[in-house]
Structure formats: C-alpha cells, structure tokens
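The lines below spell out each chain.
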Amino acid sequence: MRTTVGIIGGGPAGLLLARFLHRAGIDCVVLEARTRAYVERRQRAGMLEQGTVDALREAGAAERLNAEGLVHQGIELRFDRERHHIDFPTLTGRTVTIYAQTEIVKDLVALQLADGPPLLFEAEALGIEKPESASPVVRFLHEGREQTLTCDWVVGADGFHGISRDTFPAAVSRTYERGYPYSWLGILADVAPSCEELIYARGRGGFALHSMRSPHVSRLYLQVPNDSDPEDWPDDRIWDELAARFAIDGDWTLDRGPITAKSVTPMRSFVHEPMRHGRLLLAGDAAHIVPPTGAKGLNLAVSDVRVLARAFAELHRTGSERLLDTYSDTCLERVWQATRFSYDMTKMLHAQPDGDAFENRMQLARLRRITASRHAAAELAANYTGLPLMT
Ligand code: APR
Ligand code: PHB
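Cut-off values and rules
- Residues numbered from 1 in each chain as written.
- Chains lettered and ligands numbered in written order.
- Predicted model: local features only at pLDDT ≥ 70, side-chain atom pairs only at ≥ 80, totals over all residues.
- Heavy atoms only, no water.
- Pairing = 2+ DSSP bridges.
- Helix = DSSP H or I, 4+ residues; strand = E, 2+ residues; numbered from the N terminus.
- Contact = heavy atoms within 4.5 Å.
- Axes fitted to C-alpha atoms, helices over the stretch in contact; angles between N-to-C directions.
- 1 Å grid on protein atoms, 1.4 Å probe; cavity = no way out; pocket = protein on both sides within 12 Å on 5 of 7 lines; lining within 4 Å.
- Points joined across faces, edges and corners; volume = space filled by probe spheres on them.
- Nonpolar A, V, L, I, M, F, W, Y, C, P; charged D, E, K, R; others polar.
- Phe/Tyr/Trp six-rings, centres within 6.5 Å; stacked < 30°, edge-to-face > 60°.
- Lys NZ or Arg CZ within 6 Å of the ring centre and 35° of its normal.
- Near = heavy atom within 4 Å.
- Polar contact = N/O pair within 3.5 Å; in protein donor to acceptor, adjacent residues only side chain to side chain.
- Areas by Shrake-Rupley, 256 points an atom, 1.4 Å probe, with all protein chains shown as cover.

A. Up close: the sheet that holds strand β15 (residues 217–224). With mixed pairing, 8 strands are arranged side by side in an open sheet as β6-β5-β13-β14-β15-β12-β16-β19. Sheet topology places β6 (82–87) and β19 (288–289) at the edges, where each strand pairs with a single neighbour. Sheet topology places strand β12 (residues 174–189) next to β15; 7 bridges connect them, and they run antiparallel. Residue pairing for β15: Ala 189 is matched across the bridge by Ser 218. Contacts from helix α10 (residues 357–372) reach β5 (74–79), β6 and β13 (198–203) within the one sheet, and its direction differs from that of β5 by about 140°.

This is the structure we're talking about:
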C-alpha cells in the first residue's frame with residue numbers, strides 16, 4: 001500500500017486529521033490497532049473548548065455535536081463549604097461545550113467509513129522504517145499477516161502507549177515528566193446531573209468533580225490514593241464520599257442513581273520534545289499527557305491536528321514545507337501552557353496525602369484569590385476556555 005500521509009492511531013487525533021486531509025484532497029490511510037467497538041466505547045473526557053468545537057465544525061463533523069452538545073457558561077469552584085461561579089462569557093467572551101469524546105469518535109468513524117479515506121481496524125503498527133527519508137514505511141499487522149504502508153509523511157497519533165514516539169532516536173528525544181500521589185475514581189451514573197455546570201470541589205476528604213454526559217447521565221470523579229481498587233468502592237461508599245466532598249452550607253443535594261461504569265485513572269504530566277523527526281510527526285497523547293483537572297487532553301490533541309492539517313494543506317497547495325518545519329515549535333508553545341495550567345489546577349484542588357499544612361494554606365490562598373479578583377478569575381477562565389492557537 002502507498003499513501004501520502006500514513007496515520008497511526010484511530011483516536012480523536014488520527015480520525016480528525018484524516019477528515020481534514022480528506023477535505024483538502026490529500027490522501028491518507030488510518031491504521032488502528034483495536035476494533036471499532038473498542039474505540040467507540042472507551043470512556044474519556046468530554047469538555048470541549050470553543051476552538052475544538054470550531055475545528056469539528058470546520059471538519060464537517062459537528063452535526064450531532066451541534067444538536068446534542070451542552071453549552072456551558074462557566075464552572076463552579078467549591079471550597080470551604082462555599083460555591084463560587086466563574087463566568088466565562090463575562091471574563092473571556094467565550095463558552096465551553098460538554099460532548100463526550102466517545103461520541104466524537106463515533107461521529108468521526110461513521111464519516112470516515114461513509115466517504116473517507118481507508119480506516120483499518122485491527123491494524124497494529126509494528127514499526128516505522130526510515131523516518132528520515134522521503135518515503136518512510138509503516139510495517140503493520142492486519143488480517144493475520146505483516147503488511148507495509150509506504151508514505152510521504154507519517155503521523156504518530158497512537159496515544160501514550162503507541163510505538164511512534166519510540167521511533168525517535170534517543171539523541172533527539174527529550175522527555176519531561178511528573179507523577180502525582182493520587183488518582184481519579186471515575187463513574188458514570190444514570191441520573192440527571194445535580195448541577196447546571198461542572199463543579200470542581202476541594203472537599204475535606206479530597207478533590208471531587210461533577211461533570212455530565214447528557215441531561216440524564218452524570219459523570220463524577222473522586223480523588224483516591226494511587227493503586228486504588230474500584231472493588232473497594234461499592235456504590236454507596238462512592239455516593240457518600242461524593243456527597244461529603246461537595247457539601248456546602250446551604251441548600252444543595254447530590255442526586256444518586258445506578259452506577260453503570262467505574263474505573264481508576266492515574267495522573268501524569270508528560271511532554272516529548274520535539275514533535276517532529278524527519279517525516280514523522282507526533283500528535284495528541286503520543287506526544288503529551290496532562291492530568292485531567294484542566295480538561296485539556298482532548299483539546300490539545302485537536303489543536304495539534306489543526307496546526308498539522310493547515311501545514312499539510314499549505315504543502316499540498318503551494319509545495320511549501322514552512323508550516324511543517326514550524327509544527328513542533330508551534331504546538332509545544334501551547335502544550336507547555338496547557339501543561340502548566342493542568343498542573344496548577346491539579347495542585348490547587350487535590351488534598352495532599354501527607355497532610356502538609358502549609359500547602360493546604362497555599363491552596364486556599366490561591367482559590368480565594370481567584371474568587372476575590374476579577375483578574376485572577378479571568379486568568380483561570382482564559383486558560384480553561386482555551387488559549388489561542390499560536391501560529
Ligand atoms: N498501531 C495502531 N494503532 C495504535 C497503536 C499501534 N501500534 N498503538 C495505539 N494505537 C491506537 C490506540 O488503540 C488508540 O485508538 O491509537 C489510538 C490513540 O488514541 P488516543 O489514546 O485516544 O489518543 P489521541 O487520539 O491522541 O487523543 C487524545 O485521548 O487519552 C485521551 O485525554 C486524552 O482526550 C485525549 C485524547
Ligand atoms: C469529563 O466530563 O469527563 C471531564 C470534565 C472536566 C474535566 C475532566 C473530565 O476536567
């Protein structure tokens with residue numbers, strides 16, 4: 001097989017890039033290791049920046065998002081048993097939209113299979129040969145035999161555990177990493193959300209987040225110790241702990257319902273530099289991971305893809321590689337800002353497992369500053385709703 005752009009990974013990054021390329025008249029092939037059912041069911045985040053919504057619209061993949069996405073005007077911060085509304089339109093002129101990543105993936109897969117370039121499921125990339133040459137080759141396993149895809153360019157959109165990043169020579173790669181001493185226990189529940197906007201709570205026993213998937217389905221998270229076993233969290237214990245962490249002085253109740261999914265996710269910050277080597281370009285989780293407190297993972301993947309799609313379109317139109325040459329620097333600028341924001345939000349809202357009293361006071365001082373100062377609130381809102389693309 002031969003193509004212009006070989007895309008490894010059929011997550012949101014790989015699939016959205018394929019849409020953009022298809023619309024620009026550039027041919028590509030997407031190789032996805034898992035089955036369609038698996039990628040469509042994988043539970044992930046669901047908060048979309050305005051720029052992400054715009055990108056999905058530009059790609060012609062927003063029909064259901066336009067109909068079903070829930071537009072949110074802000075978020076609520078809870079601490080010290082009080083609630084504080086951060087109003088995005090007033091502070092930034094922007095809003096955010098709740099629409100699950102699983103739904104984005106379903107929409108993109110359906111479009112791709114209807115009229116798009118080839119998308120092969122159960123096609124696992126095994127290696128990328130000659131990334132420095134003008135025609136790199138992806139070796140992959142499909143239908144029981146090893147095959148090759150010869151490309152002009154290869155995009156590694158194969159997530160954090162993919163193979164693309166490891167193709168970079170050690171002398172070229174720089175990685176930056178930070179672990180955190182806590183994880184999130186996430187649940188999906190068949191109950192109407194108890195709030196109109198997302199609640200980020202610094203509760204007494206730790207952090208809790210109330211998010212949602214639809215007017216009838218709630219998504220909630222609890223800070224738990226690393227290596228927690230979901231089996232140790234029967235439904236009643238989860239609801240009791242959530243209710244305690246969201247508790248305020250005043251009227252508010254957390255409505256409970258049947259829990260339909262339960263899982264524990266560790267947290268990590270990770271950045272790989274550069275995002276390009278020869279004719280191999282990384283996009284999304286393959287290049288960077290953020291802890292979910294800032295809701296930036298999916299949005300960063302989409303902004304990488306926007307930059308990359310523009311670069312390929314310019315190459316196709318004019319023959320110029322200028323935007324491909326600046327791709328890594330352009331993306332990393334925004335990646336580091338999102339890494340900083342995600343780190344700050346995480347540090348500000350999670351209970352210190354060692355109970356460090358000084359750090360506790362610092363967290364409260366930061367939160368109080370945000371609720372006391374319009375400038376501090378505007379800074380949070382600008383980052384949360386998404387910094388502009390720096391091209
Ligand atoms: N060959 C083919 N496909 C692969 C390989 C491989 N060797 N290794 C991994 N993949 C596939 C995975 O099965 C997955 O479907 O690559 C895809 C990567 O998708 P994601 O992990 O969703 O990453 P990305 O598209 O960058 O999306 C980023 O996902 O992890 C969340 O928070 C993150 O929301 C963000 C988004
Ligand atoms: C989610 O809806 O899953 C979600 C929302 C906001 C976050 C993290 C996850 O910060």
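Picking up after the structure, the text goes on.
B. View of empty space enclosed by the protein. Enumeration over the complete set of coordinates arrives at 3 cavities of 30 Å³ or more. Looking at the largest cavity, its volume works out to about 50 Å³. Contributing to the lining of the largest cavity are Glu 49, Lys 296, Arg 334, Gln 337, Ala 338, Phe 341, Asn 383, Gly 386 and Leu 387. Among the elements that take part in the lining of the largest cavity, helix α9 (residues 322–349) stands out by supplying 4 residues, more than any other. Residue classes in the lining of the largest cavity are distributed as 3 nonpolar, 3 polar and 3 charged.

C. Quick peek at the sheet that holds strand β7 (residues 96–98). Within the open sheet, the 3 strands sit side by side as β3-β7-β4. Their pairing is antiparallel. A strand with exactly one partner marks an edge of an open sheet, and here the two such strands are β3 (47–48) and β4 (70–72). Two elements, β4 and β7, share 3 bridges in a ladder whose sense is antiparallel. Each bridged residue has a counterpart across the sheet, and for Val 71 the counterpart in β7 is Thr 97.

D. Broad picture of the packing of aromatic side chains. Across all of its chains, the model carries 11 aromatic pairs by this definition. Taken together, Phe 88, Trp 184, Tyr 200, Phe 207, Tyr 221 and Tyr 384 form an aromatic cluster joined through their ring pairs. The side chain of Arg 34 reaches across the aromatic face of Tyr 38, ending 4.1 Å from its centre. A cation over a ring is seen here: Arg 279 above Trp 153, with NZ or CZ 4.3 Å from the ring centre.

E. Structural detail: the site of ligand 2. Around ligand 2, a shell composed of 13 residues is seen, among which Tyr 200, Ser 211, Arg 213, Tyr 221 and Pro 292 lie nearest. In this structure, an oxygen atom belonging to ligand 2 sits 2.7 Å away from a side-chain N or O atom of Tyr 200. A distance of 2.8 Å separates an oxygen atom of ligand 2 from a polar atom in the backbone of Pro 292. About the coverage of ligand 2: the protein hides 99% of its 280 Å² of free accessible area. Going through the elements one at a time, β13, β14 (206–214) and β15 are the ones with two or more residues in the shell around ligand 2. Of all the elements, β14 adds the most residues to the shell around ligand 2, at 3 residues.

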